[in-house]
Protein chains: 2
Amino acid sequence: MTLAPQLDATHDPQARSWVDSANRAGGEFPIQNLPFAVFRRAGSGEAFRGGVAIGDHILDLAAAADSGVFEGDAARGIRAGALPSLNTLMQLGAPVWRATRRALFENLLVGSPTRDRLQGCLVDRDEAHYELPAHIGDYTDFYASIHHATAVGRMMRPDSPLLANYKWIPIGYHGRSSSIGVSGQTFCRPRGQSLPLGTAMPKVGPSLRLDYELELGIFVGAGNPRGTPIPMADAEDHIFGLCLLNDWSARDIQAWEYQPLGPFLGKNFATTISPWVVTLEALAPFRVAPARPDGDPEPLPYLNSPWNRDAGGIDIRLEAWIQSEAMRGRNEPPHRLSSTSFKHSYWTLAQLVAHHTVNGCDLRAGDLLGTGTQSGPTPAEAGSLLELSAGGTRPIEIAPEEHRTFLQDGDSVMFRGWCEKPGAARIGFGEVIGSVLPARM
Amino acid sequence: MTLAPQLDATHDPQARSWVDSANRAGGEFPIQNLPFAVFRRAGSGEAFRGGVAIGDHILDLAAAADSGVFEGDAARGIRAGALPSLNTLMQLGAPVWRATRRALFENLLVGSPTRDRLQGCLVDRDEAHYELPAHIGDYTDFYASIHHATAVGRMMRPDSPLLANYKWIPIGYHGRSSSIGVSGQTFCRPRGQSLPLGTAMPKVGPSLRLDYELELGIFVGAGNPRGTPIPMADAEDHIFGLCLLNDWSARDIQAWEYQPLGPFLGKNFATTISPWVVTLEALAPFRVAPARPDGDPEPLPYLNSPWNRDAGGIDIRLEAWIQSEAMRGRNEPPHRLSSTSFKHSYWTLAQLVAHHTVNGCDLRAGDLLGTGTQSGPTPAEAGSLLELSAGGTRPIEIAPEEHRTFLQDGDSVMFRGWCEKPGAARIGFGEVIGSVLPARM
């Protein structure tokens, strides 16, 4: 039974770590965050293993497991986190995650008597090379932002932008696991079929409408047995944590292929996620009521709960930035394209999980769910170039004399995410970055 | 470079095995077939391992690997086949598969001097309990039968049944790996949202339009690096073999959810495949020109090759059978619902692989591609109840006083597949069976 997210000592904004850099104002990874990643030292032949971010450092969980500091469920969690993927830790379930978080917090706190034994388990974050946090068995992408669905729908169906099912069903589709990469991923501009406007015969070539989509990724923790739906009350106990996700999209390929069975080659050439997975516990101070306007239908019972109505949303600030090859050449910083919050999402995390399993579909530890493009209510808060450039009709200035409708070769796209509010420690997601290489000949 | 499928000694219809049951006329698994599965003795605590069907027996590849009979590439193939999943064998690639097939054939041939050493490696097929042949990383389902696409399209868009992209693009979408099971799978009737005719508010309950889809499954062999498309000429070298596949479908759930992003909960509750994977080599005698009518557009260059035009299709006979709980109670045999052939498929295996990777998407060993429902040109050759019952309007008699529009609880659906023609040994796929249990309360 999930209760309203509980605030406890691990959320105390006054808490300080003996890792000094974790106490810096405005930092991403204070002691109240403690997100997980899989890493090794760049250029080393070391085994990948789990780590927990703390300030400018990573607590190496393989070293921590050997330190003898942890006991009970926390020791189980730390040992599982020491493996080259976090699937085992994810599968251990919410009680173990909570015990692990609590023990990490206590041992990293100023004054902890274990400081000497853990000091040697720290790795500089600058030295880290990341892998995907988990082996991703299945990847599902949702469409949870009503503002995105409406904006895209308006381009295709000006008279009825939002389809009749949208307010009843958290629309989702299956994505491709094999092409998911961790931040730093580069990919060649995809080639494929598209139908040039006003023609009847498709052409084959590099996509001319390459885009990003600003999303959150949801890592499934403990799975459910096939045939056994996850009710709303338990749904968040099946979520290990959240990351940033860029669902790269080739709009021209997608437009020609997607009827009647949905997106395929327009999506599956690359998907990039951030290395750090922020736990729902760390996000507890930032829960908000979801953004379902008065007058909209009540969610059907299997998608509804009093708790969800009160606190199903989370206010996670999201930003998309771009830096072109020319900008890098001129040493110009990235340009911010847009800024929004996950609080605007029409569907909540719990609703995505409950819907996904209502038919008995089994989720497995390490499965990834995308939230779909997160766009806010105003045009400037849109989470894709398709929306920001009004379908490619309104170029955006990203630097002096440099404009974009869609992505150019050499462009890097970066997302950032964080939570902040008075009376709570700032919780950062770090960043996810990916870059477009020219199409192969 | 794939050449036209080569016939060699392993296809000689006169060849006989020292395993007598392999020589029975009309059998599924003669020495010319040699399909792969993963199995153990039912009720045993044995490890799962690969096996090759020969008559009424299975050559246990773990035992065969220890026999010392095999050498070189064949020994590598047999050793890889001895593992609990066939992914490693699949990844070894076509030259190893060919050497393995050749060596298995020679050693199982009448008069082989290794008979005494391999005799002890045989397990009765009746004793076998099967697992999925491979760990399936990603599952893609295509829509390759134009007859199915037209029939289904006609129900939704009587005036334009076939969408404009159909003859240009092998339409496909991503499916769910987690809910794929091996023959014998049972599943509870899925619950979910649907929109009853003439209403505006969806209801939630057990699907009332549960259906099967008669498909072939394609196991990917050696994968391709991300960013590197597989050209038509190499495409079949990336296919390890074929199985039977039942893409169970909840039509009412699918109809309400599928716009705009495609099928999701209407499909991902269960997918069932046959245990035996028949190699493309075994199917070489049954190659045919694909069924693209004169006057249709030529496939775009990346989907075209002289070889594909001549022999891209395969004449694989496919049948769907049903047996209700009442029929089982009366000891009545299953009723045949329909019969067709994969030769009617609009798109070929090579085209599915070339299209899937044209954008740089990477396939991995053990990935599964479904062909989509295989329906032939006449209504009686349809591969789903949706088509056979004309959208649920025309009940089908399956036994005296027993009719079906869609599946009832307790129904078992069985597919069979085989190739046969004069001058060639009969190549069987065995069967895939699955059964519907009542919805959970």
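Everything that follows concerns the structure shown earlier in this document.
Caption draft 1: Spatial organisation of the overall build of chain A. Secondary structure summary: chain A contains 12 helices and 26 strands in total. Against the globule reference of 22 Å for 441 residues, chain A gives a C-alpha radius of gyration of 22 Å, in line with a compact fold. Each of the three principal axes of chain A carries a C-alpha extent, and together these read 70 × 55 × 40 Å. Burial analysis of chain A (441 residues in total) assigns 64% to the buried set. Carbon and sulfur atoms make up 54% of the accessible area of chain A, which totals about 15,500 Å². Chain A carries 39 positive and 48 negative side-chain charges, and their two centres are separated by 2 Å.

Caption draft 2: Main features of the packing of helix α2 (residues 72-81) of chain A against helix α4 (residues 94-108) of chain A. Residues and elements named next belong to chain A. Interaxial distance between α2 and α4 falls to 8 Å at its minimum, and their mutual angle equals 95°. By the angle between their axes, α2 is roughly perpendicular relative to α4. Contacts between α2 and α4 involve Asp73, Ala74, Arg76, Gly77 and Ile78 from the former and Val96, Ala99, Thr100, Ala103 and Leu104 from the latter. In the contact of α2 with α4, the residues fall into six nonpolar, two polar and two charged.

Caption draft 3: Main features of the environment of glycine 26 of chain A. All names here are of chain A. Along the chain, glycine 26 turns up in the segment before β1 (36-41). When its relative accessible area of 53% is taken as the criterion, glycine 26 is described as exposed. The spacing of glycine 26 and proline 438 is 412 residues in sequence and 37 Å in space, taken between C-alpha atoms.

Caption draft 4: Expanded view of the sheet that holds β1 of chain A. Residues and elements named next belong to chain A. An order of β4-β3-β2-β1-β5 is seen for the five strands of this open sheet, with the pairing classed as antiparallel. Across the chains shown, the open sheet's two edge strands, defined by having one partner strand only, are β4 (122-124) and β5 (128-131). Ignoring strand direction, the axes of neighbouring strands in this sheet form an average angle of 50°. Two elements, β1 and strand β2 (residues 49-54), share four bridges in a ladder whose sense is antiparallel. Within the sheet, the bridge partner assigned to phenylalanine 36 lies in β2 and is valine 52.

Caption draft 5: Just the environment of leucine 92 of chain A, in detail. Relative to the helices and strands, leucine 92 of chain A resides in helix α3 (residues 87-92). Put simply, leucine 92 of chain A and alanine 365 of chain A are 273 residues apart on the chain and 8.9 Å apart in space, counted from C-alpha to C-alpha.

Caption draft 6: Fine view of the pairing of β5 of chain A. All names here are of chain A. Going residue by residue along β5, you find Ala128 and Tyr130 tucked away on one face and His129 and Glu131 left uncovered on the opposite face. In terms of strand pairing, β1 meets β5 through four bridges, oriented antiparallel. What sits directly across from phenylalanine 39, in β5, is tyrosine 130.

Caption draft 7: A look at the sheet that holds strand β9 (residues 185-188) of chain B. Residues and elements named next belong to chain B. Reading across from one edge, β9-β26-β25-β20-β21 is the order of the five strands in this open sheet, with mixed pairing throughout. Two strands lie at the open edges of the sheet, namely β9 and β21 (335-341), each paired on one side alone. When strand polarity is set aside, the average angle formed by the axes of neighbouring strands in this sheet is 20°. Alignment of strand β20 (residues 317-323) against β21, held across six bridges, turns out to be antiparallel. Residue pairing across strands places tryptophan 321 opposite arginine 336, the latter belonging to β21.

Caption draft 8: Quick peek at the pattern of salt bridges. Residues and elements named next belong to chain B. Taken as a whole and judged by the stated rule, the model has 62 salt bridges over all chains. We note a salt bridge from arginine 189 to aspartate 409, for which the minimum N-O separation is 2.7 Å. Residue arginine 189 is found in the loop between β9 and β10 (191-194), and its partner aspartate 409 is found in the loop between β24 (402-404) and β25 (412-419); the two are separated by 220 residues along the sequence. Aspartate 409 gets classed as partly exposed once you look at its relative accessible area, which sits at 32%.

Caption draft 9: View of the relation of the copies chain B and chain A. Least-squares fitting of chain B to chain A yields an RMSD of 0.0 Å, with the superposition described by an axial translation of 0.0 Å and a rotation of 180°. Viewed as a symmetry operation, the transformation between the two copies matches a two-fold axis. Ranked by how close their C-alpha atoms come to the rotation axis, the residues of chain B are headed by glycine 262 of chain B, at 2.1 Å. A shared interface surface links the copies, since 100% of the contact residues of chain B are contact residues in chain A too.

Caption draft 10: Main features of the side chain of asparagine 268 of chain A. Tracing the sequence through the fold places asparagine 268 of chain A in the loop between α8 (251-257) and β16 (271-273). Judged by relative accessible area, asparagine 268 of chain A falls into the buried class, the value being 1%. A polar side-chain atom of asparagine 268 of chain A sits 2.7 Å from a polar atom in the side chain of asparagine 359 of chain B. Ignoring anything within four residues of it in the chain, the contact list for asparagine 268 of chain A reads Arg176 and Ser179 of chain A together with His174, His356, Asn359 and Cys361 of chain B.

Caption draft 11: Representation of the nonpolar core within the structure. Counting 156 residues, the largest nonpolar core has Leu242, Leu283 and Ile316 of chain A together with Leu242, Leu283 and Ile316 of chain B as its most contacted members. Those residues in contact with isoleucine 316 of chain B that sit more than four places away from it in its chain are Leu216, Leu242, Leu283, Thr340, Ser341, Phe342, Lys343, Trp418, Cys419 and Phe429 of chain B.

Caption draft 12: Seen up close, unusual backbone geometry. Between glutamine 259 of chain A and the following residue, proline 260 of chain A, the backbone shows a cis peptide bond with an omega angle of 5°. Turning to its location among the elements, proline 260 of chain A is positioned in the loop between α8 and β16. With a phi close to 60°, asparagine 331 of chain B is a non-glycine residue in the positive phi region. When you line up the elements, asparagine 331 of chain B lands in the loop between α10 (325-329) and β21. Positive phi is not limited to glycine here, since glutamate 401 of chain B has a value of about 60°.

Caption draft 13: Expanded view of the environment of glycine 417 of chain A. Residues and elements named next belong to chain A. Relative to the helices and strands, glycine 417 is located in strand β25 (residues 412-419). Overall, glycine 417 belongs to the buried group, its relative accessible area being 1%. Separated by 14 residues in sequence, glycine 417 and glutamate 431 have C-alpha atoms that sit 6.9 Å apart. Apart from the residues within four sequence positions on either side, glycine 417 is in contact with Glu28, Leu244, Arg317, Leu318, Gly428, Phe429 and Gly430.

Conventions used here
- Residues numbered from 1 in each chain as written.
- Chains lettered and ligands numbered in written order.
- Predicted model: local features only at pLDDT ≥ 70, side-chain atom pairs only at ≥ 80, totals over all residues.
- Heavy atoms only, no water.
- Helix = DSSP H or I, 4+ residues; strand = E, 2+ residues; numbered from the N terminus.
- Rg over C-alpha atoms; globule rule 2.2 N^0.38 Å.
- Buried < 20%, exposed > 50% of the residue type's maximum accessible area, 1.4 Å probe, protein only.
- Areas by Shrake-Rupley, 256 points an atom, 1.4 Å probe, with all protein chains shown as cover.
- Lys, Arg positive; Asp, Glu negative; His and termini not counted.
- Charge placed at Lys NZ, Arg CZ, Asp CG, Glu CD.
- Axes fitted to C-alpha atoms, helices over the stretch in contact; angles between N-to-C directions.
- Parallel < 35°, antiparallel > 145°, perpendicular 65-115°, else oblique.
- Contact = heavy atoms within 4.5 Å.
- Nonpolar A, V, L, I, M, F, W, Y, C, P; charged D, E, K, R; others polar.
- Pairing = 2+ DSSP bridges.
- Salt bridge = Lys/Arg side-chain N within 4 Å of Asp/Glu carboxyl O.
- Least-squares fit on C-alpha atoms with pLDDT ≥ 70 in both.
- Polar contact = N/O pair within 3.5 Å; in protein donor to acceptor, adjacent residues only side chain to side chain.
- Core = buried A, V, L, I, M, F, W, Y, C linked by side-chain atoms within 4.5 Å.

Function-wise, these values are silent; they only describe arrangement.
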